[in-house]
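# Structural features, examined
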Amino acid sequence: MGQSFNPQGIINAFKVLVRPKLIVPHSVVKDIRDINYLKLKEGGIKTIAFDKDNCLTAPYANQLHAPFKESWTECKRVFGENIVIVSNSAGTNDDAQYKKVCYSYVLYMFRVKVLRREEKKPGGGGALLKYCQTTDPTTIAFVGDRLLTDVLFGNLNGMYTIFTKQIVTEQGDNPIALKVLSTNIKNPSDFLLRCVDSFVGWNTVYWSGFKQEA
């Protein structure tokens, strides 16, 4: 299953030209194994939301990336039912077999909810706030591997953003996304972070009691 045209991605990308800090995450980790879930909860995070492809799974796969099993178990121990997957390949109009895929996620693989919505990230923040039944986005942490979709989505909506800089695999990923991220660049995520760092003079990020050294 692939992804179709994403107008929200193009529209919101122009906002980055004016406000480049929109793609600066509050925290950067190698992958989800480096997330301290207990510290997040103690810091005021009530719900944690994840991108799926290349953050939890290989692109368009339905199974958790095996090395992440222990971290995922810890996440569920800490946050319980307050975990949701927000993916552009599952739960949007690109997901033609939404009920079948979601059923697989919830009952057999992840045992957490998959957010159903019309708009793709970086649009659709209101749907997540409605799902979480909150008007305070600072109580939501959003985890993802794309600066221009996941981090931008979270920052546009006032959430705490966590960027996973090491993707699971390039094999089977969206070819357009790969081209944007990795043209002539061996490690595209680190390259983009260096660009953001030099552009906005980012050395240390502070946010609601959290501190992440760059």
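Residues numbered from 1 in each chain as written. Predicted model: local features only at pLDDT ≥ 70, side-chain atom pairs only at ≥ 80, totals over all residues. Heavy atoms only, no water.

Scanning all chains against the criterion turns up 6 salt bridges. Salt-bridge contacts for R33 lead to D31; the nearest nitrogen and oxygen are separated by 2.6 Å. Of the charged contacts, one joins D51 and K121 as a salt bridge, the two residues approaching to 2.8 Å between their closest N and O atoms. On the criterion of sequence distance, the pair formed by D51 in the loop between β2 (47-50) and α3 (69-79) and K121 in the loop between β4 (113-114) and α5 (125-132) is long-range, its members being 70 residues apart. On the accessibility criterion, K121 (1% relative accessible area) is buried. One salt-bridge network, held together by shared partners, links D51, K121 and D150. (Salt bridge = Lys/Arg side-chain N within 4 Å of Asp/Glu carboxyl O. Helix = DSSP H or I, 4+ residues; strand = E, 2+ residues; numbered from the N terminus. Buried < 20%, exposed > 50% of the residue type's maximum accessible area, 1.4 Å probe, protein only.)

It is worth spelling out the pairing of β2 at this point. Of the two faces of β2, both are covered, the one formed by T47 and A49 as well as the one formed by I48 and F50. Note that β2 and strand β5 (residues 140-144) share 4 bridges and pair parallel. When the bridges of β5 are listed, I48 appears paired with A141. Pairing between β2 and strand β3 (residues 83-85): 3 bridges, direction parallel. (Pairing = 2+ DSSP bridges.)

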